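Structural overview for review
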Amino acid sequence: MVTLNNQRRRSGGLCSVQKIFFIILAIAVVSLIFCALRLRSSLIAERYTSELSKPKDILDKNASNKPVQVAYAISLIKCSDKQSSTSGLIDAATVLRHSVHQTSARNPNSGSKYDYKMYAIVHKKAESCSHLLGDLGYQLIVKDSPVQVSEIRGDYLRKNVHKEWCCGADEFVKLYAYTIHDHPIVIHTDIDFMFVKPMDDLFDAMLLPHDSDEGKAAREKLELEYPDKKQNMPENIQAYLTRDYHQVIPGRKAAFQAGFIVLKPNQKVFQEFLEIIREGHYVEGFSRENGWGGLGYGGVVGSMAMQGLPAYYYDEIAPNTSVELNGCRYNHMGANIFYDNVPNFIRKYKSLHGKCRRNVDGCEDCRKTDMSLIKNIHFTNCRKPWNCAGRMGTEAGKGNIDPRTADFDHCMEVARTWHEMRNDLEQQIVALTGDDEVLSEGQKGSYKKDVFIGHCDADGQGGYVPIAASKEYMALTLTKIWKDTT
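Residues numbered from 1 in each chain as written. Predicted model: local features only at pLDDT ≥ 70, side-chain atom pairs only at ≥ 80, totals over all residues. Heavy atoms only, no water.

1. Looking at the overall build of the chain
The helix and strand tally for the chain stands at 13 helices and 11 strands. Looking at the chain residue by residue over its 486 residues, the buried ones come to 52%. Counted over contacts in the chain with a minimum sequence separation of 6, partners at least 24 positions apart contribute 69%. Accessible surface for the chain amounts to roughly 23500 Å². Of this, 53% is attributable to carbon and sulfur atoms. (Helix = DSSP H or I, 4+ residues; strand = E, 2+ residues; numbered from the N terminus. Buried < 20%, exposed > 50% of the residue type's maximum accessible area, 1.4 Å probe, protein only. Contact = heavy atoms within 4.5 Å. Areas by Shrake-Rupley, 256 points an atom, 1.4 Å probe, with all protein chains shown as cover.)

Following this line, the structure appears as structure tokens:
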């Protein structure tokens, strides 16, 4: 019995060892299979991520030889605007669209390889007049404000944002540009804007791998506000922007210039903006601790809305994701960025007088920038071309060009650039329709014809002569000149 029990013990012990061995072996096999599957998944994910890092349209181009299509968007927040007449705003949207077309791949003479599609983000308050943009081929995106004032938790912002120029919290509708996901890049501008030259270098640097020869070459061509920062650009550029330096006191934080941004659509970024607004951490006043986050992003026109918010976001919340472009070349306004007069000029700060508001030496004077260097223009400081501003003056409300903040001769060159673009469109419509009245009626003005090319009959908004093309002619323009097939 003793021997049998010992054999059973030895046999039982052997079985136990064998069981443990097989269990360990099974675990090892399962682990190897699991690791193999994870490796395979990782390789697939890596490949998928690599493909996602390329814009969808670039992949399409490789497959079908179609050019990459970028989105150009404007926002229509209200139908009436004291700064412009209705006819002026319609023509502004028309010439803006034509300038996009002329600097795109649809115009063989442009040299660009990028196609475009036009969008208008329309606030519900402006829906009744938005059909005018639809007729010009803008795809309408009708939205309410992404954050209601009642949702803002911060007392000061909730109680005061409605006072902000131009549109209070309604201006946050511009943030929907981040949700136009059908394109790898979205360019959002104000309606008082035009493009003069293609922006292929910007697009290439944004889309091509940063360490590729093509990507490096594109980055070298970028014209930055601070050229010494070129070596520290983000590997994955999420946005290009310019700053509103002509408002800032030297040494203070400069606001974002809300009339122009080039961005990659991103739902996460959109939601982060909305949460910042809802939190409403905005400090009143003009100290260095004012504005968004109490970090100095305030105290200037638009700082509670789309001038201050993006500057705060890209500096503090998402640093090293954006690139600041040269504001004399991109989003050109012809504004004085030296601290020697209005706005926000404080005489007792004598040590700052005459200094560049960027707080650096050797600042480029945007009032004197050669027109051949300018990529696109924002018609603010030099006034709206459709308002026929042909005089100097400092009296508020008159619409004259203010010599304290702008150079009159330069502004006349800037205005002429817009009227030349309009003239180019008119000439193409005449060539298409054979109707010379487009020119005889649309260019019958006699005021400063060397600048306004017959589009103005007198100084001021009331002197503007609108484009004399019928709705039928504009429908032909849409398909035959702009080659819109959507």
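2. Topic: the packing of aromatic side chains
Per the stated rule, a full pass over the model turns up 17 aromatic pairs. For the pair phenylalanine 193 and phenylalanine 260, a centre-to-centre distance of 5.6 Å together with 5° between the ring planes defines the contact as stacked. Of the two residues, phenylalanine 193 sits in strand β5 (residues 193-195) while phenylalanine 260 sits in strand β7 (residues 256-263), which places them 67 residues apart along the sequence. Residue classification places phenylalanine 260 among the buried residues on the basis of a relative accessible area of 0%. Summarising the aromatic geometry, the rings of tryptophan 418 and tyrosine 464 are spaced 6.5 Å apart at their centres and angled 55° between planes, so their arrangement reads as tilted. Taken as a pair, tryptophan 418 in helix α10 (residues 408-433) and tyrosine 464 in the loop between α12 (449-452) and α13 (471-481) lie far apart in primary sequence, 46 residues in all. Taking the relative accessible area as the measure of exposure, tryptophan 418 reaches 0% and is therefore buried. Residue tyrosine 464 is classed as buried on the basis of its relative accessible area of 8%. In textbook terms, an aromatic cluster arises when at least three aromatic residues are bridged by ring pairs, as seen for Tyr72, Phe193, Phe195 and Phe260. When the ring centre of tyrosine 226 is taken as origin, the NZ or CZ atom of lysine 229, which lies over that ring, is 4.7 Å away. (Phe/Tyr/Trp six-rings, centres within 6.5 Å; stacked < 30°, edge-to-face > 60°. Lys NZ or Arg CZ within 6 Å of the ring centre and 35° of its normal.)

3. Focus on the pairing of strand β4 (residues 186-189)
Burial along β4 is two-sided: Val186 and His188 and Ile187 and Thr189, pointing in opposite directions, are all buried. Bridge analysis of strand β1 (residues 68-76) against β4 gives 3 bridges, and the strand direction is parallel. Note on β4: the bridge partner recorded for alanine 73 is histidine 188. As judged from the 4 bridges shared by β4 and β7, these two strands associate in the antiparallel manner. Within β7, the residue paired with threonine 189 across the bridge is phenylalanine 260. (Pairing = 2+ DSSP bridges.)

4. A short note on the nonpolar core
Counting 77 residues, the largest nonpolar core has Tyr72, Ile187, Met199, Phe203, Tyr240 and Val262 as the members making the most contacts within it. Per-element tally for this core: the top contributor is α10, with 10 residues. Membership of the second largest hydrophobic core comes to 44 residues, among which are Val269, Tyr282, Trp292 and Leu309. (Core = buried A, V, L, I, M, F, W, Y, C linked by side-chain atoms within 4.5 Å.)

5. Overview of the environment of glycine 460
Tracing the backbone shows glycine 460 in the loop between α12 and α13. Spatially, the C-alpha atoms of glycine 460 and tryptophan 386 are 8.6 Å apart, while their sequence positions differ by 74 residues.

6. Examining the sheet that holds strand β3 (residues 139-143)
The 7 strands are arranged β3-β2-β1-β4-β7-β6-β10 in an open sheet whose pairing can be described as mixed. Edge strands, defined here as strands with exactly one partner in the open sheet, are β3 and β10 (322-324). Sheet twist, expressed as the average angle between the axes of neighbouring strands with direction ignored, equals 25°. In this sheet, strand β2 (residues 114-123) lies alongside β1 in parallel orientation, the contact comprising 9 bridges. Paired with tyrosine 72 across the strands is methionine 118, a residue of β2. Seen against the sheet, helix α3 (residues 86-102) touches β1, β2 and β4 and runs at an angle of roughly 160° to β2. (Axes fitted to C-alpha atoms, helices over the stretch in contact; angles between N-to-C directions.)

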